[in-house]
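For reference, the chains in residue letters:
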2 protein chains.
Amino acid sequence: MSLHVWAPNARQVEAEIAGTRSALQPAKSGWWQSETTVNHGTDYAFLLDGEGPFPDPRSPWQPEGVHGPSRHVDHERFVWNDCGWQAPPLASAVIEEIHIGTFTPAGTFDGAIARLDHLVNLGITHLELMPVAEFPGDRGWGYDGVDLYAPHHAYGGPEGLKRLVNACHRKGLAVLLDVVYNHLGPDGNYLARFGPYFTGAYSTPWGEAVNLDQANSDQVRDFLIGNALMWLRDYHIDGLRLDAVHAIVDTSAMPFLEQLRRAVQALEAQLGRHLVLIAENDLNDPRLIRPPEAGGFGLNAMWNEDFHHALHALLTGERRGYYQDFGALADVSTALTSALVYDGRYSQYRQQRHGRPATGLPGRRFVGFLQNHDQIGNRPQGERSAQLLSEGLLHIGAALVMTAPFVPLLFQGEEWAASTPFQYFTDHQEPLLAEKVRKGRRNDFGAASTGAESVPDPQDPDTFKRCRLNWQEQEHQPHTRLLAWHKALARLRRTIPALTDDCLDNIRVDFDETARWLLLQRSTVTIVCNLAGTEQRIHHRHLQLQQLVLASQTGVALENENILLPAESVAILM
Amino acid sequence: MSLHVWAPNARQVEAEIAGTRSALQPAKSGWWQSETTVNHGTDYAFLLDGEGPFPDPRSPWQPEGVHGPSRHVDHERFVWNDCGWQAPPLASAVIEEIHIGTFTPAGTFDGAIARLDHLVNLGITHLELMPVAEFPGDRGWGYDGVDLYAPHHAYGGPEGLKRLVNACHRKGLAVLLDVVYNHLGPDGNYLARFGPYFTGAYSTPWGEAVNLDQANSDQVRDFLIGNALMWLRDYHIDGLRLDAVHAIVDTSAMPFLEQLRRAVQALEAQLGRHLVLIAENDLNDPRLIRPPEAGGFGLNAMWNEDFHHALHALLTGERRGYYQDFGALADVSTALTSALVYDGRYSQYRQQRHGRPATGLPGRRFVGFLQNHDQIGNRPQGERSAQLLSEGLLHIGAALVMTAPFVPLLFQGEEWAASTPFQYFTDHQEPLLAEKVRKGRRNDFGAASTGAESVPDPQDPDTFKRCRLNWQEQEHQPHTRLLAWHKALARLRRTIPALTDDCLDNIRVDFDETARWLLLQRSTVTIVCNLAGTEQRIHHRHLQLQQLVLASQTGVALENENILLPAESVAILM
């Protein structure tokens, strides 16, 4: 391949290949092209006006990390065995979100391959990888990636990712990938040297905003859209989870997300393979998932934060931060029947009206979860629900996620109530940045109840190691029980069509805030939860003629229109 | 009325009425309320935590300017004589944009009343007032207003504006008002003392962005929407021209502009009177004017900058700045048939793709003009088209604006080719700000052809005086001819239905870039322009059986499918 790079402000661009420099020639629209070619596996880098060498902004591989040279990859060389592969539809999906570095002791793509049978047996249909684009150091969540086209060297690089996707497809698992287009990490971020990738017109919580609507933004959009298409085309990824799209500020007449969706649709038609786009969004804005005819961006789904917050606040009793807006059974009920709890309602936490109704949208347009990497890892100690809830309430939470009208998502190990936390960890090489992250983390939580001294140091390798799943614990109680419970729920979801009928109009919820019970009616299926600390007899006309299908505990008794539920238990009837 | 003010961060709020201070009591949502009442004409101001006094953010009148006390106005006291008034529909409108300070020698609302007959005789249906909200000093364009609820003291205050609107309605003229919701001026801007009216999350070219999507933004939105409703309700204004809505950055699920449109629609239903919202927009984003069902904001119209730029660049030959993207007859043709020239096309000036197609939208959703306050006043010398074009080309420009499918807009005096410029003028009282504006103006244009020394000083009262219309010149040539031409064109537009049939699909344009002629076909009506410096015979099958209705010059000869047009002339046939 002949090298090319976009550097609209450079007066001179050189490539350094195996110690030899050669000049690139200016081409149109700020691009530069080299006449020498590089082969698969060749290392190269660019010099701009004599400065550098810098890695290629579109580097496919950074074997030595974010500051090292780029290595050329010929995507055609990989031998795929997934001919004719089609991902299962989102409507019937069960997603497991995993972090490659901590999913297995090896912390690699290949390590994950060995654990796919576990996911298949559990009933998972889609594996969702936290970001894999090259980020600084060997350990990290991945949201500070800087070489967006390069699968992380410590995870196994391009070949490793391809082997994982190939293996997933062979086992019938689809693969979703988390991509971060709202900002880039601070360390190893050479993009600004190459061109106006960033703009000061808007700010994000994580640094300079990506330039999507100012001068030269066409090329920046092409950079990001090209990245999305690369994962879907060259790595056979089945869909993308778009990180924090609320931080993508773009006032143009053709919003970036709409342009991205159009490009992915075109690729979908070309490949003949279903591709999905799922957005994380803090604005409760259903425009993301409304169809283009209604002025929407036409994305396939968005994460349902309100459902999480309502469920978490109800089960844990926590009311700090954004949980202050939730906590009632009524909120869980609203989430189940309307998807969004804040649909224009005033939010005390935000001190403004928040969101917009999702009227008419089906449940498959939302991803529902009891926890995810953020909800766990943004706690000072990275505690999972399993560390915060009784076993009974954990069973109820799982049942509601798996019988809700939304696409369920589990976070790695959630299925067996993993005892390992998911804490914030980094491996910054720049001492100043490392210290900043360390201090920032302490300041974020220093005032909280835990005390600053107990906030784990993100830079400490032990923080990372502590988060590695312990696969052995599945063999012991209560983990074995929880795993069986999740398997049973996934099987129900797979086998009872009423549970994947995602028309929200068909859903009925009754509840009693005082007695603390909730009854979710999904066509022929009834889910009854007793959240109280004592057993109670719940009377409801829907219970007539129903039979017990699954219960989280023994001692459930059904008699005509009454059900006796032990303390903190849930029963599923049909 | 009892005084009330929003000051969510204050610990103490006092009112100063006639030298006496009294404490306000905290009410809900950050509001404070006083138990003492003020009457019509009473001066008052607020103190926050002992600092001040500051004018009321919602002050209805600032008789002593932006730094003085507020004066209470009882809107019920004015006696209106416009019972049953309905504005003419936009589809058949001809707008004249005026600046109260320079429209007449008096420079007041009352002064303008004396000139309404001129506008009626000309064929104007809508008077559009440049911003009247209290801005610093006695002279200014009005885009740095700070007391958004107070008609400017130098123009005649609240009573003056009501007298003008009342007089307009009596004469059958609707009144539109330019309102600035994207920023506030720097001088006399006390809003930030009262609450989080601004945000640092986004920047505008004119200072801090208005807080429309961060914490406490509900109250800021209510402040602006309350302002819009006040003009429409208490001043009987028929519609608003929303300044530079591209600078209103708002990522919320319920965009401010949509909320504003909904509120105005509700008021429309309540009043039983047509109200319109027209946006100025630099993004060529038809979402503004698409219906809500299609995800649009449902505004009534937007200014068509592309039509202006295409026409101006064609007629003047100018190619500086944004005119570099225009200049061909093809651009004028595209504007006439598709409204927007840049509908996703790459713009050399902007160095990015720009805009989005306006497919399916009718012409009445766009306002078309040969010039406006900005296009004139943002030139160093504030030259009008009349100073830039030959009389022949001026006739052609007027004919194309008045026969285009868009709502025509003239800038005060354009109808008689006024010789007075419209330069940038200010009356800043703060010496540092005055110097900054003076220097800024020189720097903006210093590098341009004119030479810095010749840029008029915005602070010099003579700059303002120079811009006052000279009404006497109408009696002399060539002004009399131009005025008659505009009257004739307005009469045609009023009497020939084909000219207000605004379906863009019905419009045909032919042109010859080399020969420099353009033929615009609007159903039964044909407009033929010869832009060349010599007479030419134009052959076109549309000309068959057509008869001359109006010509800008003598010497037009029509023979079968040929028309002979003198140099720089235009003929209208039917």
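The following refers to the structure shown. (Residues numbered from 1 in each chain as written. Chains lettered and ligands numbered in written order. Predicted model: local features only at pLDDT ≥ 70, side-chain atom pairs only at ≥ 80, totals over all residues. Heavy atoms only, no water.)

What follows is about the interface of chain B and chain A. On the side of chain A, 34 residues touch chain B, which itself brings 34 residues to the contact. Together, the buried faces of chain B and chain A total about 2,400 Å²; carbon and sulfur atoms form 38% of this surface. Counting every contact that joins chain B to chain A gives five salt bridges. Between B:Arg353 and A:Asp222 there is a salt bridge whose closest N-O contact spans 3.8 Å. The tally of links from chain B across to chain A stands at 18 residue pairs in polar contact (both at pLDDT 80 or more). Of all elements in the fold, only β14 (198–204), α6 (217–234), α7 (256–271) and β20 (352–354) of chain B reach the threshold of two or more residues within the side of chain B that touches chain A. Looking at side-chain class alone, the side of chain B that touches chain A contains 10 nonpolar, 13 polar and 11 charged residues. (Contact = heavy atoms within 4.5 Å. Buried area = accessible area lost by both parts, 1.4 Å probe. Salt bridge = Lys/Arg side-chain N within 4 Å of Asp/Glu carboxyl O. Polar contact = N/O pair within 3.5 Å; in protein donor to acceptor, adjacent residues only side chain to side chain. Helix = DSSP H or I, 4+ residues; strand = E, 2+ residues; numbered from the N terminus. Nonpolar A, V, L, I, M, F, W, Y, C, P; charged D, E, K, R; others polar.)

Glancing now at the side chain of B:Arg522. Residues and elements named next belong to chain B. Its location among the elements puts Arg522 in strand β24 (residues 517–522). In terms of polar contacts, Arg522 uses its side chain to reach the backbone carbonyl oxygen of Leu499, at 2.7 Å. Setting aside residues no more than four positions away along its own chain, Arg522 makes contact with Thr403, Ala404, Pro405, Arg493, Ala498, Leu499, Thr500, Asp501, Asp502, Ile507 and Ile527.

A few words now on the sheet that holds strand β26 (residues 536–539) of chain A. Residue and element names in this part refer to chain A. Pairing is antiparallel across the open sheet formed by three strands, whose spatial order is β26-β29-β28. Looking at strand neighbours, the two that pair on one side only are β26 and β28 (557–559), the edges of this open sheet. Across this sheet, the average inter-strand angle for adjacent strands is 20°, counted without regard to direction. As paired elements, β26 and strand β29 (residues 562–565) share four bridges and run antiparallel to each other. For Arg537, the partnering residue across the bridge sits in β29 and is Leu564. (Pairing = 2+ DSSP bridges. Axes fitted to C-alpha atoms, helices over the stretch in contact; angles between N-to-C directions.)

Let us now look at the relation of the copies chain B and chain A. Overlaying chain B on chain A yields an RMSD of 0.0 Å, the required transformation being a rotation through 180° with an accompanying axial translation of 0.0 Å. Overall, the copies show the geometry of a two-fold rotation axis. A share of 100% of the interface residues of chain B reappears at the interface of chain A, consistent with the copies meeting face to face through the same patch. (Least-squares fit on C-alpha atoms with pLDDT ≥ 70 in both.)

Time to look at the pattern of salt bridges. Pairs may arise between side chains of opposite charge once their charged atoms sit close together. Taken as a whole, this structure holds 54 salt bridges over all chains when the rule is applied. The residue A:Asp427 makes a salt bridge to A:Arg139 at a minimum N-O spacing of 3.3 Å. Pair noted here: A:Asp427 is in the loop between β22 (407–411) and α13 (431–446) and A:Arg139 is in the loop between β11 (133–134) and β12 (147–151), with a separation of 288 residues, a long-range link. The exposure class of A:Asp427 is buried, given its relative accessible area of 12%. Note that B:Arg71 and B:Asp43 form a salt bridge whose closest N and O atoms lie 2.6 Å from each other. Here the residue B:Arg71 occupies a position in strand β8 (residues 70–71), and B:Asp43 occupies one in strand β6 (residues 43–48), the gap between them amounting to 28 residues. Among the charged side chains, a network of salt bridges with common partners joins B:Glu128, B:Asp178, B:Arg241, B:Asp243 and B:Glu280. (Buried < 20%, exposed > 50% of the residue type's maximum accessible area, 1.4 Å probe, protein only.)

Residues and elements named next belong to chain A. Secondary-structure assignment places Asp178 in strand β13 (residues 174–179). Since its relative accessible area comes to 2%, Asp178 is described here as buried. For Asp178, the side chain forms a polar contact with the side chain of Tyr143, separated by 2.5 Å. The residues touching Asp178, leaving out its near neighbours within four places in the chain, are Glu97, Leu129, Met130, Pro131, Tyr143, Arg241, Asp243 and His373.

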